[in-house]
Amino acid sequence: MRLRIATPDDAAAIATIYAPVVTDTAIAFELEPPTADEMRRRLIGTLGRFPWLVSLDDVGLVSGYAYAGAHRERAAYQWSVDMTVYVRAASRGRGVGRGLYEALLEELTKLGYAQAFAGIALPNDASVALHEAVGFEHIGVYEKVGFKLGAWRDVGWWQKTLCSYASEPVAPKAFDATGNF
Ligand SMILES: CC(C)(COP(=O)(O)OP(=O)(O)OC[C@H]1O[C@@H](n2cnc3c(N)ncnc32)[C@H](O)[C@@H]1OP(=O)(O)O)[C@@H](O)C(=O)NCCC(=O)NCCS
C-alpha cells in the first residue's frame, strides 16, 4: 500500500468514498453527502494546518483517507487533535485503515501534538477495533448526542497520548503539505 499527502485534486475520489457512509449509515453525522467542490474546500482548509493522507491501491486510485483537525478551537486546546479515517468498502479489512492511522499518528507526533481523540458513532466494531489496535483507549460516551436514520445515536470517545510535555509546552507546528512524506 502506498500513502501520500492528499491534494485538493483528490476531492472527487474522497467525496465518493464518503458519500455512502453519509447516506446509508449513522457512522457520519452529516445528513447530506458533501459535493466534490465542498470536499475540495475542506481539503484546502485542513491542509493549511493539519495532515490529510490518502492511501493508493495497485492502480493508483485513492482507497482511503485519514486526517486530523482541531479538537476544539480555544487556544488551550491547541495540543489536542481529532482524527478521522475512511476506507472504501472494497478495501476494508486489509490493513489500509491501520496503515493510514499509523502514518497520521507519526506525523502528528512530529508536529508536536500531545493528545489525539476520536469520536465514534456506536456501534462501529471495525472503527473501535482499528482505534484500539493503534493504542487508543476508551474514555467515555456522549449518550444520544445525534439523531440520524430514525434513532438517537451515542458517540463513544477514544484517546491516545502522543507525547507528554513538561509544564511549558511549545505550540505545535503547522503541517507543511508541500513537504516530504
Ligand atoms: C473503520 C475503518 C476505517 C477500518 O479500516 P480498515 O482498513 O477496514 O481496517 P484494518 O484492516 O486496517 O484493520 C484495523 C484493525 O481493526 C480490525 N478490524 C477491522 N475491521 C474489523 C471488523 N469489521 N470487526 C472487528 N475488527 C475489525 C482488524 O483486525 C485490525 O486489527 P489488527 O491490525 O490488530 O489485526 C473501515 O472499516 C471504514 O472505513 N469503515 C467505514 C467508515 C468508518 O467507520 N470510519 C471511522 C469513523 S469513526
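Here the structure is a predicted model, which is why all the values come from computation and not from measurement.

Help me understand the side chain of Ser55 in this model?
For Ser55, the location among the structural elements is in strand β2 (residues 52-56). In this structure Ser55 comes out as buried when scored by relative accessible area, which is 0%. Engagement of the side chain of Ser55 in a polar contact is seen with the side chain of Ser63, the distance being 2.8 Å. Setting aside residues up to four positions removed in sequence, Ser55 forms contacts with Met1, Arg2, Leu3, Leu61, Val62, Ser63, Gly64, Val96 and Leu100.

Honestly, the environment of Ile139 in this entry has me stumped. Any pointers?
Position of Ile139 relative to the elements: it lies in strand β6 (residues 137-148). Residue classification places Ile139 among the partly exposed positions, given a relative accessible area of 47%. Separated by 21 residues in sequence, Ile139 and Ala118 place their C-alpha atoms 10 Å apart. Ignoring anything within four residues of it in the chain, the contact list for Ile139 reads Phe117, Trp157, Trp158 and Gln159.

Looking at this structure, how should I read the sheet that holds β6?
Two orientations exist for strands paired in a sheet by backbone hydrogen bonds: parallel and antiparallel. Taking strand neighbours across the sheet as the criterion, the 7 strands line up as β1-β2-β3-β4-β5-β7-β6 in an open arrangement whose pairing is mixed. Of all the strands in the sheet, the pair left with one neighbour each is β1 (2-5) and β6. Between one strand and the next, the sheet's axes are offset by a mean angle of 25°, whatever the strand orientation. Sitting on the sheet, helix α2 (residues 36-47) touches β1, β2 and β3 (62-70), and the angle it makes with β2 is about 120°. Across the sheet, helix α4 (residues 125-133) is in contact with β4 (80-87), β5 (115-121), β6 and β7 (151-161); its angle to β5 comes to roughly 165°.

Explain the site of the ligand here, please?
In the vicinity of the ligand lie 19 residues, with Gly93, Gly95, Gly97, Arg98 and Asn124 positioned nearest. A distance of 2.8 Å separates a nitrogen atom of the ligand from a polar backbone atom of Val85. Within the contact set of the ligand, an oxygen atom lies 3.5 Å away from a backbone nitrogen or oxygen of Leu130. When the free accessible area of the ligand is taken as 930 Å², the share hidden by the protein chains comes to 71%. The site holding the ligand turns out to be the largest pocket.

Rules behind the numbers
- Residues numbered from 1 in each chain as written.
- Predicted model: local features only at pLDDT ≥ 70, side-chain atom pairs only at ≥ 80, totals over all residues.
- Heavy atoms only, no water.
- Helix = DSSP H or I, 4+ residues; strand = E, 2+ residues; numbered from the N terminus.
- Buried < 20%, exposed > 50% of the residue type's maximum accessible area, 1.4 Å probe, protein only.
- Polar contact = N/O pair within 3.5 Å; in protein donor to acceptor, adjacent residues only side chain to side chain.
- Contact = heavy atoms within 4.5 Å.
- Pairing = 2+ DSSP bridges.
- Axes fitted to C-alpha atoms, helices over the stretch in contact; angles between N-to-C directions.
- Near = heavy atom within 4 Å.
- Areas by Shrake-Rupley, 256 points an atom, 1.4 Å probe, with all protein chains shown as cover.
- 1 Å grid on protein atoms, 1.4 Å probe; cavity = no way out; pocket = protein on both sides within 12 Å on 5 of 7 lines; lining within 4 Å.
- Sits in = over half its atoms within 2 Å of the grid points.

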